[in-house]
Amino acid sequence: MGAADHETAGMMAGHDAGHHGAPVPMQARAGGILQGRVRVSGDKSISHRALIFGLLSVGETSVTGLLEGEDVLRTADAARALGATVERLGAGHWRVHGVGVGALLAPRDTLDFGNAGTGSRLMMGVVGGHPITARFDGDASLRKRPMKRILDPLQLIGARALEQAEGGRLPLLLEGARDAVPVTYETPVPSAQIKSAVLFAALNAPGRSTVIEREASRDHTEKLLAWFGAEITVAPHGELGRRITLTGQPELRPRPIAVPADPSSAAFPIVAALIVPGSDVTVESVMMNPLRIGLIETLREMGADIVALGEREEGGETVADLRVRYSALKGVNVPAHRAPAMIDEYPALAVAAAFASGETRMNGLHELRVKESDRLAAVADGLAANGVEHAVEGDDLIVRGGEGRVAGGGTVATHMDHRIAMSFLVMGLASGRPVAVDDTAFIATSFPDFVPMMRRLGGDLG
Ligand code: S3P
């Protein structure tokens, strides 16, 4: 896809302001009930990986249900710069003609990942295992995010950063390993991005590499490695962790990928239906991977009426239609060990907790500080702006719910963070006064259809 196509896909996705365009503020206010059936876009994590696996296998990989959000389009551009032919055949239907492990081209230009932590970090792994050099960059949000956590293990494999911004940040120039060496690496924090970067780099090393995680993180890379024919074993490690062993230099064979609907995007219509009185919404075909549905589990503990209907297999994952009805929620204690299974969902959970009765305590949120924004601070500020009682104690967030009532009336600073924007727009659909967010442009990174979809359900956003 060339620059013109990129533009077209963005426009088709309803996006009218790029990263560097003027901010697009918006308000949400309480109106009628939310009702109807919707399907959210393809999973962002799997969409990035689908394009990368296409690049790393020789021949044609067909992808359906691809998320055409800006983050994923950046990964498509990077895959092309590294030698793949990437074509859009129709809505969500893409074809990648890859070059295979060991045969990547050195990109001529900077790989610009925009807002995308996942795209940039996974591709650093891919480049890190190959004897090529590439410059990585991103927007102001991505330039603040830590990359040392990726560079450290890549160094063990033989890569090094020739240039980097202070503290191991973008922009950076990465020289991949001339002869990648296999590693055994334990990730310092539960992170699928670190794990995946190591596995992608280790693909081009001879022999076996092992990644150990003390707490299991999302397993899409492991599942796709197996699906594309790599030799990979996954064993338990301690009570919550995993030990993943990969045999390097496989010949990955192209396989079709059907991307299931993103549970992290589904979080927004789900929470909206729970807090807007009288609502009855069905979110179709949501991926129910156990490492992704901590939010559903937590909401159910809070008393949410969420029924999973028609469980079935799609694209190697269990999916279900989730029927969600307005519910009187009560506060709960969310254990820290659940964080990896709902790491992107805390802003949405904080909104649900604001409408619950009693206190919700979310423990162990340190990783929230290094997302697209410092999400712990951004959520706390958004709650404060809208009259929600809360406290941050160390890495824990405590929200004191208003038993169905939230004052609203505030303007929330989104800090280039799509999930902050969507969460507080959802809050506005049920609060006493409207909630404003300062910029909705970044919603297009992960969920371009969010605003039209919420309007179709009956939400008053504008
Ligand atoms: C992702 C992993 C998570 C998550 C991100 C997507 C992935 O990040 O927050 O949105 O696709 O691997 P960490 O690995 O930093 O926890």
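Residues numbered from 1 in each chain as written. Predicted model: local features only at pLDDT ≥ 70, side-chain atom pairs only at ≥ 80, totals over all residues. Heavy atoms only, no water.

Novice: Can you walk me through empty space enclosed by the protein in this structure?
Specialist: In this approach, a probe sized like a water molecule rolls over the atoms, and the result shows the empty space that is left. In the structure shown here, the tally under the stated rule is two cavities of 30 Å³ or more. Roughly 60 Å³ of volume is contained in the largest cavity. Forming the boundary of the largest cavity are Pro263, Ala266, Ala267, Ile270, Val286, Arg292, Ile293, Leu295, Ile296, Leu322 and Glu345. Residue contributions to the lining of the largest cavity peak at four residues, all from helix H8 (residues 263–275). (1 Å grid on protein atoms, 1.4 Å probe; cavity = no way out; pocket = protein on both sides within 12 Å on 5 of 7 lines; lining within 4 Å. Points joined across faces, edges and corners; volume = space filled by probe spheres on them. Helix = DSSP H or I, 4+ residues; strand = E, 2+ residues; numbered from the N terminus.)

Novice: Whenever I open this one, the environment of Asp439 confuses me. Can you help?
Specialist: Position of Asp439 relative to the elements: it lies in the loop between strand E23 (435–437) and helix H13 (450–456). Sequence separation of Asp439 and Met416 is 23 residues, and the distance between their C-alpha atoms is 7.5 Å. Residues within four places of Asp439 in sequence aside, it is in contact with Pro23, Val24, Pro25, Thr414 and Ala421. Of note is the side chain of Asp439, whose polar atom sits 3.0 Å from the backbone nitrogen of Ala441. (Contact = heavy atoms within 4.5 Å. Polar contact = N/O pair within 3.5 Å; in protein donor to acceptor, adjacent residues only side chain to side chain.)

Novice: Please explain the pairing of strand E21 (residues 396–400) as it appears in this structure.
Specialist: Two faces, one strand: in a regular strand the side chains alternate between the faces of the sheet. Of all five residues that make up E21, four are buried, and the element is covered over most of its length. In this sheet, E21 lies alongside strand E20 (residues 389–393) in antiparallel orientation, the contact comprising five bridges. The residue bridging Glu389 from the neighbouring strand is Arg400, located in E21. (Buried < 20%, exposed > 50% of the residue type's maximum accessible area, 1.4 Å probe, protein only. Pairing = 2+ DSSP bridges.)

Novice: Explanation requested: the sheet that holds strand E2 (residues 35–38) in the structure shown.
Specialist: Strand pairing in a sheet is mediated by backbone hydrogen bonds. Such pairs are either parallel or antiparallel. A sheet is described by the order of its strands in space; here four strands give the open sequence E2-E15-E17-E16, paired in mixed fashion. Strand pairing shows two members of the sheet lacking a second neighbour, E2 and strand E16 (305–314), which therefore form its edges. In this sheet, adjacent strand axes meet at a mean angle of 15° when their direction is disregarded. In terms of strand pairing, E2 meets strand E15 (residues 280–287) through four bridges, oriented parallel. Residue pairing in the sheet places Val38 in a bridge with Val283 of E15. Across the sheet, helix H9 (residues 294–301) touches E16 and strand E17 (317–325), and the angle it forms with E16 is around 155°. (Axes fitted to C-alpha atoms, helices over the stretch in contact; angles between N-to-C directions.)

Novice: Explain the pattern of salt bridges to me, please; I cannot follow it from the model alone.
Specialist: When the charged atoms of two side chains lie near each other, side chains of opposite charge can form a pair. Inspection of the entire model under this criterion finds 40 salt bridges. One salt bridge connects Asp77 with Arg80, and the closest N-O pair in it is separated by 3.2 Å. Of this pair, Asp77 and Arg80 are both found in helix H3 (residues 70–81), three residues apart, which corresponds to roughly one turn of the helix. For Asp77, a relative accessible area of 26% corresponds to the partly exposed category. (Salt bridge = Lys/Arg side-chain N within 4 Å of Asp/Glu carboxyl O.)

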